[in-house]
Amino acid sequence: MRVAVTQFATSSNSQENLASCIRMINEAAACQPSLIVMPELCNTQFCNIPFSNTQSCYLKHNQAWHEALPADGEFLQAIAQQAKKHNCYIVLNVTLRRNGLSELASNKTDAANTSDLNANNDAKINSKISITSCLFSPLGKLIHQADKQTLTGHESDLFIRENIENEASTEVTTAIGKLGLLAGSDDENYTAARELALDGAQLLCSSISSFAFDQSNLHGPARACENNVFLVQANKVGSLVPVEHIASENFPNEYLVGVGHSQIVAPNGKVLAKLAHDEEGYTFADIDAADLAKCGINYKHRPDGTEVSKQLRPELYKKQILPVSNAPQHEVATSEKESNIPATANVAIFATYKSNEQAIEDVCFYIENNLSDIIQLPELFFIADKTITNNAEQLADIESLSNQLISQISAELRPFQYVCTSLVLEGKHQAVIISEQGIFAIQQQLHFCQRYSWTTLGDNLHIIELPLEQGNIQVAMLTADDAHIPELVNLAALNNIQVLLVPFDIQEPCEVKYGLLSCAAENRICIVAATREKSFTDESSIDNTANNNDNSSNKNHNKKKIKPQKSTGLIANLASNSTVLNQWQAGKFTGYINQALIKHQHGKITKAVIHPIAACDKLIGF
């Protein structure tokens, strides 16, 4: 089947916006798609930038009501007719009136009275408005509605989330597959997309209205990869706010214009089609029915054969408040510095190319000549071929080496210096932090994976107070596949960790390209993740962007030979001025609301300075 995305600008005039929608549907219909996805807020002009502490983009609540659409009104009926005319499904996102007109609003329905509506905002009204994605069928019927689930900033003052027959977080089965509808910031964390995927969604239709690149370059593709679904994402272009706001608030234009970059992404993160500009237009891609049939989290397997849906442990993620572990030998240091989170910490990734005793000696030599606070090693760093762990006799040898390296490494460490890796201890695969006095902390593997099917799984995530010379930080360790379960990383972040330590063995390029990066940005944590270097045929690295409507550039890209690329770990740091307001005050907008600062693992040694204190500055969404 063929799917298309559109991008265009809107105004505060409903009739103008309807004309724009029909024009863009007609243009996209030229490629004969089975599905057209349109941007967020197609009927209005709203941007969630806080122009002041109390005022949203709408001057008053009644303006929001006035510009919202009635469910049985002309606007939606016209779009339904377009779906029938072009024999395709259409996803349209609008603000929707959820109940009858209030006494106040019913007396002020004429467009000329908008100022009166604004002036009388103090009156008691019961009007309810939602930001809703509407799915129209080729028969011209509105067959599904889903409210935006993540309301941020002033949105929660104006809009409500109302499940329509409990459909807001469920997929809808159509003739072209099982679709899930997302809107706005719904894809900026794992929750909404995961619920849809668990319900069976194969393709996510995401309607957004954004002035930043975060969703198109990171969050959206991360949702596609972690759920094994296609993502069809449409964004706005043009001004996102009324002209009077631009003049009155003197807000820089780059914060007020939709960046476009509407795209279609495959389940492995490959961009199938993308509009690499901020101009009105559309693009499309073809999805094979056989490929779509294998989509969804129930069909997602890790390269070692592990079924992702069977890895998930919902009961584990419900333990919201976790105790903080302290090592007895550091009680004094902890009590003296418990409120002193350091501004910086020196970290290093060390990836030896050697094995067994030679690998241990290589690490010890590095420690002897290095002053980093935390040295991150890969998962079972001293074993090149992890399949030998499935042999009972060799597993016993690995455990013996594990105990040997604890002794050797701890002898080389200085006070307040640590090494993190994973080992086999007591017959279990466990992440460990080693200090000068031996084992400082242990974290048992929490999710099943086929390559370590022999290990017993732990039942608790440990939050660890780690004393550094300049203060204490809270960390968690995740090994094997644990760090690639966003629910678990979110649980650690909810328990106020500043740093996530990840000794892992990379299995897919998207784990680093999207998975770990999205976890760092969405949870506002630093991540230090080390793996042995691997080469993959990474189709997701091909840039299939299209600046024209006939997708000819996509066809040319598809003919290129795909070359293997190296994949490694990374150090994800946090910028201190993460919010839009801070960037504005600093006079420089990076194009991202919340981008982690990345240093990719390269060669044997990778060093960086991270900012744990920045993890305490949780981002406020816009």
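Below you will find a few notes about this structure. (Residues numbered from 1 in each chain as written. Predicted model: local features only at pLDDT ≥ 70, side-chain atom pairs only at ≥ 80, totals over all residues. Heavy atoms only, no water.)

1. Let's talk about the sheet that holds strand β23 (residues 499-503)
Remark on secondary structure: sheet strands pair via backbone hydrogen bonds, oriented parallel or antiparallel. Applied cut-off: The pairing criterion is simple: DSSP has to find at least two bridges between the two strands. Under the scheme used here, helices are H or I runs from DSSP no shorter than 4 residues and strands are E runs no shorter than 2 residues, and both carry numbers assigned from the N terminus.
Spatially, 7 strands are ordered β15-β21-β22-β23-β24-β27-β28 in an open sheet, and the strand pairing comes out mixed. Every interior strand has two partners, whereas the edge strands, β15 (324-325) and β28 (597-600), have only one. In terms of strand pairing, strand β22 (residues 471-477) meets β23 through 3 bridges, oriented parallel. Bridge pairing in β23 places A476 opposite L500.

2. Some remarks on the packing of helix α8 (residues 214-227) against helix α17 (residues 510-523)
Note the cut-off: Fitted lines through C-alpha atoms serve as axes, helices being fitted only where they are in contact, and the angles separating the N-to-C directions of these axes extend from 0 to 180 degrees. Note that the term roughly parallel is reserved for angles under 35 degrees, roughly antiparallel for angles over 145, roughly perpendicular for angles of 65 to 115, and oblique for everything else. Two helices cross in a left-handed way if the nearer one is turned anticlockwise from the farther one by less than a right angle. They cross in a right-handed way if the turn is clockwise. Here, residues are in contact when the closest pair of their heavy atoms is within 4.5 Å. Under the scheme applied, nonpolar residues are Ala, Val, Leu, Ile, Met, Phe, Trp, Tyr, Cys and Pro; charged residues are Asp, Glu, Lys and Arg; polar residues are all the others, including Gly.
Two numbers describe how α8 lies on α17: the axes approach to 9 Å, and their chain directions differ by 120°. Here α17 runs oblique to α8, going by the angle between their axes. Considering how the two elements wind past one another, α8 and α17 form a crossing that is left-handed. Contact residues: α8 offers N217, L218, H219, P221, A222, R223 and C225, while α17 offers C510, K513, Y514, L517, S518, A521 and E522. Classifying every residue of the contact of α8 with α17 by side-chain character gives 8 nonpolar, 3 polar and 3 charged.

3. Brief notes about the pattern of salt bridges
As a reminder, the rule being used: Salt bridge, as applied in this entry: a Lys or Arg side-chain nitrogen positioned within 4 Å of an Asp or Glu carboxyl oxygen. Each residue gets one of three labels from its accessible area relative to the maximum for its type: buried under 20%, exposed over 50%, partly exposed in between, using a 1.4 Å probe on protein chains only.
By the definition in use, this model includes 20 salt bridges. The salt bridge involving R2 is made with D286; its shortest N-O contact spans 2.7 Å. Within this pair, whereas R2 is found in strand β1 (residues 2-7), its partner D286 is found in strand β14 (residues 281-286), the two being separated by 284 residues in sequence. Residue class for D286 comes out partly exposed when judged on its relative accessible area of 49%. Where E226 meets R223, a salt bridge forms, and the shortest distance between an N and an O atom there is 2.6 Å. One end of the pair, E226, and the other, R223, are both in helix α8, 3 residues apart, so they sit about a helical turn from each other. Under the relative-accessibility criterion, E226 is labelled buried at 12%. It is possible to trace a salt-bridge network through shared partners that takes in R302, D304, E379, R451, D481, E508 and E511.

4. Regarding the state of the cysteines
This is how the line gets drawn: Note on terminology: disulfide denotes any pair of cysteine sulfur atoms within 2.5 Å.
A full pass over the atoms with the stated rule returns 0 disulfides. Cysteine C225 is unpaired, with the sulfur of C510 as its nearest cysteine sulfur at 4.1 Å. Judged by its relative accessible area of 4%, C225 falls in the buried class.

5. What to know about the nonpolar core
One broad trend across soluble globular proteins is that nonpolar side chains are buried collectively. Where we set the bar: Side-chain atoms within 4.5 Å are what join buried Ala, Val, Leu, Ile, Met, Phe, Trp, Tyr and Cys residues into a set we call a nonpolar core.
L461, L488, L500 and I527 are the most contacted members of the largest nonpolar core, which has 42 residues in total. Counting residues per element, the ones that place at least two in this core are α8, α12 (314-317), α16 (486-494), β23, α17, β24 (526-530) and β27 (570-573). Here the element with the most residues in this core is α17; it accounts for 8 residues. Counting 30 residues, the second-largest nonpolar core is a separate cluster that includes A359, V363, F382 and I406.

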